[in-house]
Amino acid sequence: MSLIACEDFYHHLDHHHTDGVPDRCEGKGLEMDAVAVNEEGVPYFFHDHHLFKGFHGKAEMSNETFPELDDHVHVDAAFRMHYEDSDDHDHMFFFFKDKVLSYYQHKLEDGYPKPISEVFPGIPDHVDAAVECPKPECDEDSVIVFKDGRYMLICTSAFRFMEHYYCFHGHQFTKFDPKTGDMHINYTKNAQDYFMRCSTFGDDHVEREQCSRVHLDAITSDNAGDIYAFRGHHYLHKDDATDALKAESIESAFKELHSEVDAVFSYEGHLHMIKDDNVFVYKVGEPHTHLDGYPKTVKEELGFEHADHIDAAFVCNDQHIAHIIIDDKIYDVDMKASPRVPTNERPMGVLKHVDAAMCGSTGVKAIVGNHFYHFDSVMLMVAAKALPEQHRVSQELFGCDH
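Keep in mind the model is a prediction, meaning the values are calculated, not measured.

Some details on the overall build of the protein chain
Part 1: Each helix and strand counted, the protein chain has 7 helices and 33 strands in total.
Part 2: The C-alpha radius of gyration of the protein chain comes to 23 Å, within 12% of the 21 Å expected for a compact globule of 402 residues.
Part 3: By principal-axis analysis of the C-alpha atoms, the protein chain measures approximately 70 × 45 × 35 Å.
Part 4: Counting all 402 residues of the protein chain, 52% fall into the buried class.
Part 5: Taking the contacts inside the protein chain whose residues are at least 6 apart along the sequence as the reference set, 47% of them involve residues at least 24 apart.
Part 6: As presented, the protein chain carries roughly 18,400 Å² of accessible surface, and 48% of it is formed by carbon and sulfur atoms.

With respect to the sheet that holds strand β26 (residues 312-315)
Part 1: With respect to topology, 4 strands assemble into an open sheet ordered β26-β27-β28-β29, the strand pairing being antiparallel. The open sheet has two edge strands, β26 and β29 (342-347), and neither has a second partner. In this sheet, neighbouring strand axes are inclined to one another by 20 degrees on average, regardless of whether the strands run parallel or antiparallel.
Part 2: Across 4 bridges, strand β28 (residues 329-334) lies against β29 in antiparallel orientation. Residue pairing across strands places Lys329 opposite Pro347, the latter belonging to β29.

Quick look at the sheet that holds strand β2 (residues 34-37)
Part 1: If you trace the 4 strands from one edge of the open sheet to the other, you get β2-β3-β4-β5, paired in antiparallel fashion. Of all the strands in the sheet, just β2 and β5 (60-61) have a single pairing partner and so form its edges.
Part 2: Where strand β4 (residues 50-53) lies against β5, 2 bridges are found, and the strand directions are antiparallel. By the bridge assignment, His50 is partnered in β5 with Met61.

Let's talk about the nonpolar core
Part 1: In this structure, Phe265, Ile274, Leu302, Phe304, Ile310 and Ile324 are the most contacted members of the largest nonpolar core, which totals 20 residues.
Part 2: Aside from chain neighbours lying at most four places away, what touches Leu302 is Phe265, Ile274, Val279, Ile310, Ile324, Val333, Met335, Arg340, Val341 and Pro342.

Brief notes about a negative patch on the surface
Part 1: Together, Glu260, Asp276, Asp277, Asp308 and Asp327 give the surface a local cluster of negative charge.
Part 2: Residue position: Glu260 is located in the loop between α4 (250-253) and β21 (263-267).
Part 3: Residue Glu260 is classed as partly exposed on the basis of its relative accessible area of 45%.

Quick notes on the environment of Ser338
Part 1: The topology assignment puts Ser338 in the loop between β28 and β29.
Part 2: A residue is classified by how much of its surface remains accessible, and Ser338, at 76% relative accessible area, is exposed.
Part 3: Note: C-alpha distance between Ser338 and Cys316 (22 residues apart in sequence) is 20 Å.

With respect to the domain arrangement of the protein chain
Part 1: With domains assigned, the protein chain is organised as domain 1 (34-195) and domain 2 (205-398).
Part 2: Computed over C-alpha atoms, the centres of domain 1 and domain 2 are 34 Å apart.
Part 3: Taken together, the 14 residues of domain 1 in the interface contact 14 residues of domain 2.
Part 4: In this assembly, domain 1 packs against domain 2 so that about 1,000 Å² is buried in total across both faces, 41% of it on carbon and sulfur atoms.
Part 5: Summed over the shared surface of domain 1 and domain 2, the number is 1 salt bridge.
Part 6: The interface formed by domain 1 and domain 2 holds 1 residue pair in polar contact (both at pLDDT 80 or more) in total.
Part 7: Tallied by class, residues from the side of domain 1 that touches domain 2 come to 6 nonpolar, 4 polar and 4 charged.

Topic: the pairing of β21
Part 1: Within β21, 5 of the 5 residues are buried, leaving the element largely enclosed by the surrounding structure.
Part 2: Judged by which residues are buried, β21 turns out to be covered on both faces: Ala263, Phe265 and Tyr267 on one side and Val264 and Ser266 on the other are all buried.
Part 3: Bridge count between β21 and strand β22 (residues 270-275): 5 bridges; the pairing is antiparallel. Following the sheet pairing, Ala263 is matched in β22 by Ile274.

Digging into the state of the cysteines
Part 1: Across all of its chains, the model carries 4 disulfides by this definition.
Part 2: Cys155 shares a disulfide with Cys167; S-S distance 2.1 Å. Its torsion about the S-S bond being -110 degrees, the disulfide of Cys155 and Cys167 is classed as left-handed. Of this pair, Cys155 sits in the loop between β12 (142-146) and β13 (157-161) while Cys167 sits in strand β14 (residues 164-169); the two residues are 12 residues apart in sequence, bridging distant segments of the chain. Comparing Cys155 with Cys167, the two get one shared label, buried.
Part 3: Between the sulfur of Cys211 and that of Cys400 lies a disulfide, 2.1 Å long from S to S. An S-S torsion of about 110 degrees defines the bridge between Cys211 and Cys400 as right-handed. Residue Cys211 is located in helix α3 (residues 204-211), and its partner Cys400 is located in the segment after α7 (393-396); the two are separated by 189 residues in the primary sequence. Like Cys211, the residue Cys400 is buried in the burial classification.

Analysis parameters
Residues numbered from 1 in each chain as written. Predicted model: local features only at pLDDT ≥ 70, side-chain atom pairs only at ≥ 80, totals over all residues. Heavy atoms only, no water. Helix = DSSP H or I, 4+ residues; strand = E, 2+ residues; numbered from the N terminus. Rg over C-alpha atoms; globule rule 2.2 N^0.38 Å. Buried < 20%, exposed > 50% of the residue type's maximum accessible area, 1.4 Å probe, protein only. Contact = heavy atoms within 4.5 Å. Areas by Shrake-Rupley, 256 points an atom, 1.4 Å probe, with all protein chains shown as cover. Pairing = 2+ DSSP bridges. Axes fitted to C-alpha atoms, helices over the stretch in contact; angles between N-to-C directions. Core = buried A, V, L, I, M, F, W, Y, C linked by side-chain atoms within 4.5 Å. Patch = residues over 30% accessible without salt bridge, like charges linked within 9 Å, V, L, I, M, F, W, Y side chains within 5 Å. Salt bridge = Lys/Arg side-chain N within 4 Å of Asp/Glu carboxyl O. Lys, Arg positive; Asp, Glu negative; His and termini not counted. Charge placed at Lys NZ, Arg CZ, Asp CG, Glu CD. Domains from an automatic or database assignment. Buried area = accessible area lost by both parts, 1.4 Å probe. Polar contact = N/O pair within 3.5 Å; in protein donor to acceptor, adjacent residues only side chain to side chain. Nonpolar A, V, L, I, M, F, W, Y, C, P; charged D, E, K, R; others polar. Disulfide = S-S within 2.5 Å.

So, in structure tokens, the structure goes:
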């Protein structure tokens, strides 16, 4: 594990206080002192001596969950060590003044608090923010620490969420690149809109689809990185540029399909949507355009003679091979070939069944039930002898906090 000290921003915004218990939905919102996720992936937001669990709900006193965080301990920064090769895997660390606390399963580890310099040599006292950065998002498993802004803002807290990195400043937040430290100043948003689900924001329709424990029928990401996830009569669209979520009926955007998609993959700016024995193709846009001549049969479009049900399909980045999963086998279809035929049949290894799958720059996500497994490549997924770490779809793909 490496430690990276960052110079963040200089303009400091005062904390917003309310009488009694703070309300993160009042006015423009609160400035958070620290943000970290627990071992179950639920985000904890710290403000003064109060703690908000998840993206909605009332504050409680921090010492109700962490008894040592009393009136004499003001959390400056926090993060969860989530590196499987580390002895401190799944430990939560809290910085205050020149000390650090380490918790495991919400219990203080023996010998803590300790001086920051003893646990993290080279990291100064009175840090502003800290966030974990696992491989491959950083070159090696790392902790990024912020102190003393000299540029534009002060990061009062930092947060890794859904493989993106955020600097919180006042009631706003800004994306940043964990490898270079570059702040995306054109991406500065109100935290209330994205991380403080308040009654004046959000949408129950979105939350239902975002937090559902029912397995997805299909999922894909297009060339722009936007995610489309399908379940029953509805689909969820996650905009990669803004992280905004939108839930609509399949009928409203893909009227020829009506509902209940079996599999979807993206290829050259088009969504290839498989339903029963037919393939529908839509050009991505607003609105999505159904191509003339479709639907075609699975045999006509992909070359499968007797495919009763395709479970999942995906294309990786700008490649031209569509990977098709049927039961416990995976096939390759060259999308540039004519006619197209399935080749390279092989067993799926440890994955005996897949509900949906997608592939992007970081590898393959195979969804089983309400969890997914990440593999760095198709080859490694097929060759795997054991299942990797399990991730929850609702939390880690769509940001649900419960």
